[in-house]
Amino acid sequence: MLHKLTRTLIHQQQLSTTQTLASLILKSNIYPSFLKLDYTQHRFFLKKLFGKETNNSTSPNDNDKQSEFLKEREKLATHLKNEREQIYDEINRYSPLKEIKSVLKHKGKLFISTSGQLTAPEKSIVFPSPDASLGDGRNKVAIRNLKGEQVDLLKMIRNCRATLLFVNFTEYGSNMTKEWKEAFDEFQKRYTEQSGASSILKAQCIDFSISENYVIAWLESVVMNNLKSKIAPEMHDKTLVTFLKSNNETYKFKDMIQITNSKTCYVFVIDQQCRIRWKAVGLPEGKEKEFMISAIQQLVAQTERIK
């Protein structure tokens with residue numbers, strides 16, 4: 001019907017608007033009762049008929065609605081802009097190609113520790129809870145040791161005065177822990193012989209691997225069995241693994257403990273309050289192994305314990 005009205009209107013351009021409308025009404029058998037349109041119908045009719053709305057068809061509330069719409073659109077545009085900037089920032093910080101280039105250039109050595117002095121407690125970073133910092137925020141992250149047991153990492157840390165914690169995201173980074181572990185094992189053996197008592201409850205070494213690859217997550221059992229065959233049985237309960245589907249699930253965790261390159265290994269000496277008191281990265285250089293042992297000794301010597 002609307003098409004018929006429009007076509008008739010084109011053929012009667014010489015008539016005035018009033019005459020045209022009257023003619024259309026008569027020819028189309030539109031009765032006056034059908035002309036009692038509400039505000040929305042009136043706007044729709046005029047827009048379809050003339051291609052625009054008349055000035056006197058504007059509702060008193062239109063300006064308020066338009067203003068509200070513009071504010072919402074501006075708010076959405078600002079939100080999207082912030083989201084894009086955050087994504088670009090994360091891509092720039094955690095770009096795989098950039099990380100690989102840095103590791104190849106510096107061999108994973110982003111900085112060199114120059115002393116074994118502990119960071120003051122008030123200036124220390126608290127190691128975050130994996131439940132709050134890892135994963136997609138919907139599902140709880142499962143951390144398991146090589147025995148298949150689900151463990152609470154923070155609880156393990158609180159059980160010892162000093163914890164040497166390795167955090168790595170790739171096999172390349174995991175391979176960098178060997179020299180650090182050997183230095184710790186030597187210290188542990190020497191300390192036990194000198195003290196005449198076991199130091200198991202005073203110092204421990206934990207290797208925490210985080211997989212960010214969804215393909216590897218599907219092959220979890222294969223990966224776990226492979227690790228069991230490579231790692232000594234006495235370290236199975238201290239070797240922890242969690243499988244995530246992408247690096248999007250680790251951004252928060254990395255930011256909280258200042259990890260800037262996931263292709264290398266991070267070495268943390270953590271006290272019983274889960275505070276990071278000393279750290280290193282990559283393969284040990286210079287006197288870094290001695291500095292690490294010194295940091296552990298200082299924590300072991302402390303008498304303060306969490307009740």
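Residues numbered from 1 in each chain as written. Predicted model: local features only at pLDDT ≥ 70, side-chain atom pairs only at ≥ 80, totals over all residues. Heavy atoms only, no water.

The name an unreviewed UniProt entry assigns to the protein chain is Mitochondrial ATPase complex subunit ATP10, from the organism Naegleria lovaniensis.

## Quick word on the pattern of salt bridges
Any two side chains of opposite charge can pair, given that their charged atoms come close. A complete count under the given rule lists seven salt bridges for this structure. A salt bridge links E179 to K289, with the shortest nitrogen-to-oxygen separation between them at 4.0 Å. You can see E179 sitting in helix 9 (residues 178–195) and its partner K289 sitting in helix 13 (residues 288–301), a full 110 residues away along the chain. What makes E179 partly exposed here is its relative accessible area of 33%. (Salt bridge = Lys/Arg side-chain N within 4 Å of Asp/Glu carboxyl O. Helix = DSSP H or I, 4+ residues; strand = E, 2+ residues; numbered from the N terminus. Buried < 20%, exposed > 50% of the residue type's maximum accessible area, 1.4 Å probe, protein only.)

## Let's talk about helix 13
Helix length check: helix 13, at 14 residues, gives a terminal C-alpha distance of 20 Å against a target of 20 Å (1.5 Å per residue), a fit within 8%. Taken together, the buried positions of helix 13 are E288, F291, M292, I293, A295, I296, L299 and V300. (Expected span 1.5 Å × (residues − 1).)

## With respect to the confidence of the model for the protein chain
Scored by pLDDT, the protein chain comes out at a mean of 77, with 68% of its residues at no less than 70. Of all secondary-structure elements in the protein chain, the lowest mean pLDDT belongs to helix 1 (residues 2–11), at 48, while strand 6 (residues 266–271) reaches the highest, 96. When the criterion is pLDDT under 50, residues 24–35 qualifies, and its contacts beyond four places in sequence or with other chains add up to eleven contacts. (pLDDT = per-residue confidence, 0-100. Contact = heavy atoms within 4.5 Å.)

## Quick notes on the nonpolar core
One recurring pattern in soluble globular proteins is that nonpolar side chains are buried together. Of all hydrophobic cores here, the largest spans 25 residues; its most connected members are F127, L165, V167, F208 and F253. Looking at this core, the elements with two or more residues in it are helix 7 (153–158), strand 3 (162–168), strand 4 (203–211), strand 6 and strand 7 (275–281). The leading source of residues in this core is helix 7, at four residues. Excluding residues within four positions of it along the chain, L165 makes contact with F127, L153, I206, F208, Y266, V267, F268 and I270. Core analysis: the second largest hydrophobic core is formed by 24 residues, A203, C265, M292 and L299 among them. (Core = buried A, V, L, I, M, F, W, Y, C linked by side-chain atoms within 4.5 Å.)

## A closer look at unusual backbone geometry
At Q258, a position not held by glycine, the phi torsion is positive, near 60 degrees. Mapped onto the fold, Q258 is located in the loop between helix 12 (251–256) and strand 6. Among the residues examined, Q258 registers a relative accessible area of 45% and is labelled partly exposed. A positive phi is found at C274, a non-glycine position, where the angle reads about 65 degrees. Following the sequence through the fold, C274 ends up in the loop between strand 6 and strand 7. For C274, a relative accessible area of 3% translates into the label buried.

## Quick look at the side chain of S133
Locating S133 in the fold gives a position in helix 6 (residues 130–133). If sequence neighbours within four positions are ignored, S133 has contacts with P128, E249, K252, F253 and M256.

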